[in-house]
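The residues making up each chain are set out below.
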Amino acid sequence: MDVSVRFLDDLRDAVGPQHVLTDADVVAGYTSDWTGRFVGSTPGVVRPSNVVEVAAIIEACRRADVALVPQGGNTGLVGGSVPLAGELVLSTERMTAITDVDADSGQLTAGAGATLAAVQTAATEAGWRYGVDLAARDSATVGGMIATNAGGLRVIRHGSTRRQVLGVEAVTGSGRVIRRLDGLVKDNTGYDLAGLLCGSEGTLGIVCRARLALVAPPIGVVTALLGFADIESAVRAGGLLRRSVAGLEAVEMVLAPGAFLVSEVTGSSPVLDPIPPVQLLVEAVGPPDPTDSLSAVIDEVDGVLAVAVATDARRSQALWHVRDAHTEAIARVGIPLKFDVTLPSRRLAGFCREVVDAVAEVTSRSQTWLFGHLADGNVHVNVTGWTTAEAERIERAVLARVAEAGGSISAEHGIGTAKRAWLTTNRGTPDVEVMAAIKRALDPDGICNPGVLLPLD
Ligand code: FAD
Ligand code: 2HG
Ligand code: ZN
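Residues numbered from 1 in each chain as written. Chains lettered and ligands numbered in written order. Predicted model: local features only at pLDDT ≥ 70, side-chain atom pairs only at ≥ 80, totals over all residues. Heavy atoms only, no water.

**Quick notes on the coordination of the zinc ion (ligand 3)**
Taken together, the protein ligands of the zinc ion (ligand 3) are His373 (NE2), His380 (NE2) and Glu412 (OE), with distances of 1.8 to 2.1 Å. In primary sequence terms, the donor set of the zinc ion (ligand 3) follows H-x6-H-x31-E. Taken individually, His373 and His380 each receive the classification buried, so the pair is uniform in this respect. (Donors = N, O, S within 2.8 Å, 3.2 Å for Na, K, Ca; no water. Buried < 20%, exposed > 50% of the residue type's maximum accessible area, 1.4 Å probe, protein only.)

Structure follows, in structure tokens:
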């Protein structure tokens, strides 16, 4: 997209000349996504430090009819954070302040560019904990996590990002500043605008700050790795664990091919050896100390082939490794096609079997990797070894099957550019029409991330 000298001058006036990057080598660092699958170009990267500067950028974009893509940690996995049609990039990397930490109410205010790890540290220092965790914690930002309504590893206990957000400060595409950072736990004064921005993927406006609720810190953590012969047994175990273990925080699934890959790529010895066909990583927290109650329930689980248990942080990390390292390990095999789907629990095991065969029918050279958040019915399907000519057929093999099974084509990563063609199939025309009306109301000039989420007309 060509932009005028006048437009760039307006941006420089808004944020200071040193925060408008146009050097080709420098901006190249903002134009490709984490997977390497989505690569674009941009006339510049603008780096505001606060809401006033963001509002001025939005105003300049509206005047000049220039579209922008908000970018946080750029760890998104659906091609939503990069300028695929030559948009301006608005980077939140300077908006990192964490302020107004309230140890009494368990709340803090975080800038959109603050990383998840920084929020977790601030929460811990205040004697609390942040409810969301995911492996990209060192780079993923508060703004990106709100925009994608990120889920992660503890959704069964604390919910996705939306549940942690008490209010936001944001600038809509129409230039309006909305701000509710008082941290009211109860507030029924009309539409929930912060909730609306959760999962909006930068299409309605820019999140600048958020008031986040914290959760009580755990006292006593027990982690277990359980081996099973098949996914059916693992799903049944997940149900029993959920109804029997009070402080259950995680029930994550990995399969043997992924576990072998993690061992090979990272040079680590598998905790369960021989590697079983299916493993569940289970974590429960106290108070009271959950070790005995989790062990008692594990004794009742049918079909357990092997067990490892950890009650200290170092050993627990060793158990988590096989799950945490999956995304990075798969990236070493090749650029993956990523699908992030939810199935009704009763369809999960069947889907996992069928999807591997369905992808193999499209191309026998590809490899399908399955893992995910079993207790949420959320499976991550990654396919490596595909060619561009095969991508669309693989997409159909996976996503049509999900839609038919009554599942969701995006459990937690969002629609981005990768899945926008599938949104109407999954949500239906009335839903998508309402979404488009909301988009028009908040972003009448269509300047905020126009290439993502909503299908092309
Ligand atoms: P970006 O990638 O920069 O942007 C993501 C989207 O948000 C884009 O559409 C962008 O335009 C928009 N956006 C960014 N900032 C703003 C803002 N301030 N205002 C408005 N819109 C904005 N995701 C999960 O849900 N669960 C997981 O368990 C998980 N694990 C991961 C593990 C790894 C190793 C990796 C690489 C990714 C993982 N992800 C996971 C995906 C990713 O981390 C999340 O989607 C995260 O929320 C993205 O944050 P980000 O700051 O990197 O956002
Ligand atoms: C996870 O659960 C993330 O580890 C990433 O959501 C999933 O790499 C993926 O497909
Ligand atoms: Zn996930």
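So much for the structure itself; the text now carries on.
**Regarding the site of ligand 1**
Around ligand 1 lies a shell of 36 residues, among which Pro70, Gly72, Thr75, Gly76 and Thr141 are the nearest. At a separation of 2.8 Å, an oxygen atom of ligand 1 approaches a polar backbone atom of Gly73. Separating a nitrogen atom of ligand 1 from a backbone N or O atom of Val207 is a distance of 2.9 Å. For ligand 1, whose accessible area on its own is 980 Å², the fraction buried by protein is 97%. Those elements that place two or more of their residues in the shell around ligand 1 are strand 3 (68-71), helix 5 (142-148) and strand 9 (205-213). It is helix 5 that contributes the most residues to the shell around ligand 1, five residues altogether. (Near = heavy atom within 4 Å. Polar contact = N/O pair within 3.5 Å; in protein donor to acceptor, adjacent residues only side chain to side chain. Areas by Shrake-Rupley, 256 points an atom, 1.4 Å probe, with all protein chains shown as cover. Helix = DSSP H or I, 4+ residues; strand = E, 2+ residues; numbered from the N terminus.)

**Re the site of ligand 2**
In the vicinity of ligand 2, the residues found are Leu77, Arg323, Thr327, Lys338, Phe371, His373, His380, Asn382, Glu412 and His413. Between an oxygen atom of ligand 2 and a side-chain N or O atom of Thr327, the distance comes to 2.7 Å. Between ligand 2 and the protein, one listed contact pairs an oxygen atom with a side-chain N or O atom of His373 at 2.9 Å. Contact with the protein chains removes 87% of the 300 Å² of surface that ligand 2 exposes when unbound. At the level of secondary structure, the elements contributing two or more residues to the shell around ligand 2 comprise strand 15 (367-373) and strand 16 (378-384). Classifying every residue of the shell around ligand 2 gives two nonpolar, five polar and three charged. (Nonpolar A, V, L, I, M, F, W, Y, C, P; charged D, E, K, R; others polar.)

**Thoughts on a nonpolar patch on the surface**
On the surface, Tyr191, Leu193 and Leu196 cluster together into a nonpolar patch covering about 340 Å² of accessible area. Its place among the elements puts Leu196 in helix 7 (residues 193-197). (Patch = residues over 30% accessible without salt bridge, like charges linked within 9 Å, V, L, I, M, F, W, Y side chains within 5 Å. Salt bridge = Lys/Arg side-chain N within 4 Å of Asp/Glu carboxyl O.)

**A closer look at the domain arrangement of the protein**
On domain assignment, one finds that the protein holds domain 1 (5-91), domain 2 (98-213), domain 3 (221-321) and domain 4 (334-430). For domain 1 and domain 3, the distance between their C-alpha centres works out to 42 Å. (Domains from an automatic or database assignment.)

**Re the nonpolar core**
Proteins that are soluble and globular tend to have nonpolar side chains buried together. Grouped together as the largest cluster of nonpolar side chains are 58 residues, with contacts concentrated most on Leu280 and Phe339. The leading source of residues in this core is helix 13 (residues 345-362), at eight residues. Those residues within four positions of Phe339 in sequence are excluded, and the remaining contacts are Val379, His380, Val381, Val383, Ile394, Glu395, Val398 and Leu399. Core analysis: the next-biggest nonpolar cluster, separate from the first, contains 26 residues, Leu116, Tyr130, Leu204 and Ala210 among them. (Core = buried A, V, L, I, M, F, W, Y, C linked by side-chain atoms within 4.5 Å. Contact = heavy atoms within 4.5 Å.)

**Some words on the sheet that holds strand 4 (residues 88-91)**
Taken together, the four strands give an open sheet; going across it, the order is 1-2-4-3, and neighbouring strands pair in mixed fashion. Edge positions in the sheet fall to strand 1 (20-21) and strand 3, since each of these pairs with one other strand and no more. With four bridges connecting them, strand 3 and strand 4 associate as parallel partners. Note on strand 4: the bridge partner recorded for Pro70 is Leu90. (Pairing = 2+ DSSP bridges.)

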